[in-house]
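# An overview of the molecular structure
Each chain, letter by letter, is given below.
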Amino acid sequence: MEKKCYNEREDKGSISDTKIQWHPGFVAAMALEFGENRGDLIYEKEYNLNTKPLEIDLLVIKKDPGVQVVNELGKLFRGHNIIEYKSPEDHLDIDSFYKTIAYGCLYKAYGRVLDERAAVDITISLVRDARPDGLFRYFRKHHVRVVNPYRGVYHIADAALFPTQIIVGKELEEKAHIWLRALSDQMKEQEMEELLKKISGLTGKLDRQLADSVLEVATSANEQLVERMRGGKDRMSKTLLRIMKPEIDEIVEDRVQEEMRNAIKCAVKSFRELGVDDERIKGLLVKNHKLTSSEAAMYL
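Residues numbered from 1 in each chain as written. Predicted model: local features only at pLDDT ≥ 70, side-chain atom pairs only at ≥ 80, totals over all residues. Heavy atoms only, no water.

## Quick look at the packing of helix H2 (residues 22-33) against helix H7 (residues 205-221)
Think of two packed helices as two axes; the pair is described by the angle between the axes and how far apart they sit. Between H2 and H7, whose axes approach to 8 Å, the crossing angle comes to 135°. If you check the angle between H2 and H7, you find them oblique. Note on packing geometry: the crossing formed by H2 with H7 is left-handed. Within the contact between the two elements, H2 uses Trp22, Pro24, Gly25, Ala28, Ala29, Ala31 and Leu32 and H7 uses Asp207, Leu210, Ala211, Ser213, Val214, Val217 and Ala221. Per-class residue counts for the contact of H2 with H7 are 11 nonpolar, two polar and one charged. (Axes fitted to C-alpha atoms, helices over the stretch in contact; angles between N-to-C directions. Helix = DSSP H or I, 4+ residues; strand = E, 2+ residues; numbered from the N terminus. Parallel < 35°, antiparallel > 145°, perpendicular 65-115°, else oblique. Left-handed = near helix turned anticlockwise from the far one by under 90°. Contact = heavy atoms within 4.5 Å. Nonpolar A, V, L, I, M, F, W, Y, C, P; charged D, E, K, R; others polar.)

Encoded structure:
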């Protein structure tokens, strides 16, 4: 069958037509937030409590319960830490609050042996971009104490069986917590530039992969901002171009390599149609495309 060429952007549809995958970006953001304790923590994303519908968004387990998490978002952490993420499209109300507390109860009850997971060793964190004002009004009305030990972090002192906190992304300090602040559909240009600067400074392969997940969510959710920063469809702003130069160079190089591979494959096909034997083809590839003998053999 003849391979049909097509415009990839037209085939996939516009960004706005695609549902934003918030949760993978959230898991990546949390891994970056707790990067200083990476060796001390185990991440279990979409931890299955029992049947498929009952899933914890992220379970973070300390390898050594005595280890202190450097990032203030994890100061509450104990041995087993349940984290529920609410995207900008989701509500965080009193029923969502108690549903997450119930996850903690089920997680405690589903240990392999009796009291394997002590209640005092379990914490609950709920993360949302915007402050859940309705939930906080409920707390005030019912005299539930809420403590604000750090900017954007609220510890719930009553009405919870486990140490519980609510993390509000918009209220977190910008530079220190840009990973979580980027999980928003209302980013500002300054925040996007801060995110790009942070990404450009990463060197580790894992960190770059995690950051790419966060960036994908941030750009998809803030399409108009990205277009404005690019200066329209024909030019990028100098700031954005400078910050993203390593990523752009890598993309260009990948495309050049892909085009070269396709050209070589077409040449091999043409040579065979002309009756040229493989050994002769290999020699021509080595000569004309500066390939090693083993690299040329991969195209035969």
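## Considering helix H8 (residues 223-230)
Owing to its 3.6 residues per turn, the α-helix brings residues three or four apart onto one side. Listed in full, the buried residues belonging to H8 are Leu225, Val226 and Met229. Mapping the buried residues of H8 onto a view down its axis gives an arc of 100°, with all of them on the same face. Across from the buried face of H8, at angles greater than 90 degrees, the exposed residues are Gln224 and Arg228. (Buried < 20%, exposed > 50% of the residue type's maximum accessible area, 1.4 Å probe, protein only. Arc of directions from axis to C-beta.)

## Details of the environment of Thr100
Inspection of the secondary structure assignment puts Thr100 in helix H3 (residues 94-109). According to the relative accessible area criterion, Thr100 is buried, its value standing at 1%.

## Brief notes about unusual backbone geometry
In this structure, Asp115 is a non-glycine residue whose phi angle is positive, near 55°. Relative to the elements of secondary structure, Asp115 occurs in the loop between H3 and strand E4 (122-128). When its relative accessible area of 49% is taken as the criterion, Asp115 is described as partly exposed.

## Quick word on the pattern of salt bridges
The final tally for this structure, using the stated rule, is 12 salt bridges. Among the salt bridges present, the one from Arg181 reaches Glu191, with a minimum N-O distance of 2.4 Å. Pair noted here: Arg181 is in helix H5 (residues 178-181) and Glu191 is in helix H6 (residues 189-200), with a separation of 10 residues, a long-range link. Taken individually, Arg181 and Glu191 each receive the classification buried, so the pair is uniform in this respect. Among the ionic contacts, a cluster of salt bridges with common partners joins Arg131, Asp133 and Glu171. (Salt bridge = Lys/Arg side-chain N within 4 Å of Asp/Glu carboxyl O.)

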